[in-house]
Amino acid sequence: ASVFPPWFRYFLQPLFIIYYTPLMVLKYFIGSTKSEKEEAFAAHEKVIEGWKDAIRASEQAQENFALHVNEDGTIENLVPNSLSITDAIVQSLDIASTVKEKNDEQN
């Protein structure tokens, strides 16, 4: 079940190709700007810092948490065989959000 009938989609699809192909070619030749790369890197660093903050909060909430942030800022998996690092990061985000909600309720 689609919003548009098949005959309309078959008619519209070539028009999309005619419209988007020159845009993609132009973007390929122009390339990404320097500020675009810097902004993407800054956004990436902000996400990583958020993960590290969540891991630190989870370590304070739970004594034996699976992840640890070293002094040099790297994330270390303390129990490598029991849990994948991505699952542990998701778990730390859940714990950190629960701790933050409890702190917000107390204030």
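What this report covers is the structure whose coordinates are included nearby.

Ile55, Phe65, Leu67, Val69, Ala88, Ile89 and Ile95 form the largest nonpolar core, which has 7 residues in total. Elements with a minimum of two residues in this core: strand E1 (67-69) and helix H3 (85-106). It is H3 that provides the largest number of residues to this core, a total of 3 residues. Those residues in contact with Ile89 that lie beyond four places of it in its chain are Trp51, Ile55 and Leu67.

Here the focus is the packing of helix H2 (residues 34-61) against H3. One can describe the packing of H2 onto H3 by two numbers: an axis separation of 8 Å at closest approach and a directional angle of 70°. In terms of their interaxial angle, H2 and H3 are classed as roughly perpendicular. Crossing hand, H2 versus H3: left-handed. Judged by residue contacts, Trp51, Ala54, Ile55, Ala57, Ser58 and Ala61 of H2 engage Ile89, Ser92, Leu93, Ile95, Ala96 and Val99 from H3. Of the residues assigned to the contact of H2 with H3, the class counts are 10 nonpolar, 2 polar and no charged.

Conventions adopted
Residues numbered from 1 in each chain as written. Predicted model: local features only at pLDDT ≥ 70, side-chain atom pairs only at ≥ 80, totals over all residues. Heavy atoms only, no water. Core = buried A, V, L, I, M, F, W, Y, C linked by side-chain atoms within 4.5 Å. Buried < 20%, exposed > 50% of the residue type's maximum accessible area, 1.4 Å probe, protein only. Helix = DSSP H or I, 4+ residues; strand = E, 2+ residues; numbered from the N terminus. Contact = heavy atoms within 4.5 Å. Axes fitted to C-alpha atoms, helices over the stretch in contact; angles between N-to-C directions. Parallel < 35°, antiparallel > 145°, perpendicular 65-115°, else oblique. Left-handed = near helix turned anticlockwise from the far one by under 90°. Nonpolar A, V, L, I, M, F, W, Y, C, P; charged D, E, K, R; others polar.

By themselves, these observations are geometric and do not establish any function.
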